Amino acid sequence: GMALLIDVTDMVDAEAENYNEGNPWAVGPRRYIAGYLLVFCSVQAFDGVVGSVLSKVIPTALATGTLNSGLLATVLGTFGRACGDVYITSVGYVDLRQILNLLFVPSFMILVSNLALILCNYDSLTA
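Here goes a summary of the coordinates provided. Quantities reported herein were computed from a predicted structural model and do not represent experimental measurements.

## Regarding the layout of surface pockets
(1) Moving on: Considered as a void within the structure, the largest pocket measures approximately 1,900 Å³ in volume.
(2) Moving on: The biggest single contributor to the lining of the largest pocket is helix H1 (residues 29-57), with 13 residues.

As structure tokens, then:
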């Protein structure tokens, strides 16, 4: 899904007034909606999996009281969303035309590196 949101035509300098309109490699409305829908559904599904795994590995000492693991996960999630909002805003100030690539190329690289780390450490993760 994330690969659908990377606009390769914006990585090539074109001096056209209509940018990359009509180019089959450009991210148009349909490709953007399909890619964003896939990314959103994947993130939401993964959030449920992470919450389930987190509930099984948290020590019982952190599962009681007011400052428990649920509060910690909520606070860290809110902090992560705030950092993401600041990043999106700063990218919008850098270059509004390149906003898709400035958002999704780094995200795609992080995704690929995380998958590589998982593959390298798969045996220790499943033990």
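## Focus on the packing of aromatic side chains
(1) Moving on: One pass over the structure, following the stated rule, counts one aromatic pair.
(2) Moving on: Taking the centre distance of 6.0 Å and the plane angle of 15 degrees together, the rings of tyrosine 32 and tyrosine 36 count as stacked. Placement of both tyrosine 32 and tyrosine 36 in helix H1 is noted, with a separation of four residues, approximately one turn of the helix.
(3) Moving on: For tyrosine 32, a relative accessible area of 35% gives the class partly exposed.
(4) Moving on: Judged by its relative accessible area of 42%, tyrosine 36 falls in the partly exposed class.

## Some points on a nonpolar patch on the surface
(1) Moving on: A contiguous nonpolar patch, built from Phe46, Val49, Val50, Val53, Leu54 and Val57 and spanning about 540 Å² of accessible area, is present on the exposed surface.
(2) Moving on: Along the polypeptide, valine 53 turns up in helix H1.
(3) Moving on: By relative accessible area, valine 53 is classed as partly exposed at 48%.

## Brief notes about helix H3 (residues 99-120)
(1) Moving on: With 22 residues, H3 extends 32 Å between its outermost C-alpha atoms, agreeing within 8% with the 32 Å of an ideal straight helix rising 1.5 Å per residue.
(2) Moving on: Listed as buried for H3 are Leu100, Asn101, Leu103 and Phe104. Seen end-on, H3 carries its buried residues on one side only, within an arc spanning 160 degrees. Along H3, the residues that are exposed and aim more than 90 degrees away from the buried face are Met109, Ile110 and Cys120.
(3) Moving on: Taken together, the buried residues of H3 touch H1 and helix H2 (69-94).

## Regarding the nonpolar core
(1) Moving on: Membership of the largest hydrophobic core is limited to nine residues, which are Met2, Leu5, Ile6, Val27, Val39, Val91, Leu100, Leu103 and Phe104.
(2) Moving on: When residues of this core are assigned to their parent elements, the largest contribution, three residues, is made by H3.
(3) Moving on: For leucine 5, the residues in contact, after removing those within four places along its chain, are Val27, Arg31, Tyr32, Gly35, Tyr36, Val39, Leu100 and Phe104.

## Points about the side chain of asparagine 101
(1) Moving on: Structurally, the position occupied by asparagine 101 is in helix H3.
(2) Moving on: A relative accessible area of 7% means that asparagine 101 is categorised as buried.
(3) Moving on: The residues contacting asparagine 101, other than those within four sequence positions of it, are Ile6, Asp7, Asp10, Met11 and Pro106.

What counts, and at which threshold
Residues numbered from 1 in each chain as written. Predicted model: local features only at pLDDT ≥ 70, side-chain atom pairs only at ≥ 80, totals over all residues. Heavy atoms only, no water. 1 Å grid on protein atoms, 1.4 Å probe; cavity = no way out; pocket = protein on both sides within 12 Å on 5 of 7 lines; lining within 4 Å. Points joined across faces, edges and corners; volume = space filled by probe spheres on them. Helix = DSSP H or I, 4+ residues; strand = E, 2+ residues; numbered from the N terminus. Phe/Tyr/Trp six-rings, centres within 6.5 Å; stacked < 30°, edge-to-face > 60°. Buried < 20%, exposed > 50% of the residue type's maximum accessible area, 1.4 Å probe, protein only. Patch = residues over 30% accessible without salt bridge, like charges linked within 9 Å, V, L, I, M, F, W, Y side chains within 5 Å. Areas by Shrake-Rupley, 256 points an atom, 1.4 Å probe, with all protein chains shown as cover. Salt bridge = Lys/Arg side-chain N within 4 Å of Asp/Glu carboxyl O. Expected span 1.5 Å × (residues − 1). Arc of directions from axis to C-beta. Contact = heavy atoms within 4.5 Å. Core = buried A, V, L, I, M, F, W, Y, C linked by side-chain atoms within 4.5 Å.

None of the figures reported here should be taken as evidence of function without further support.
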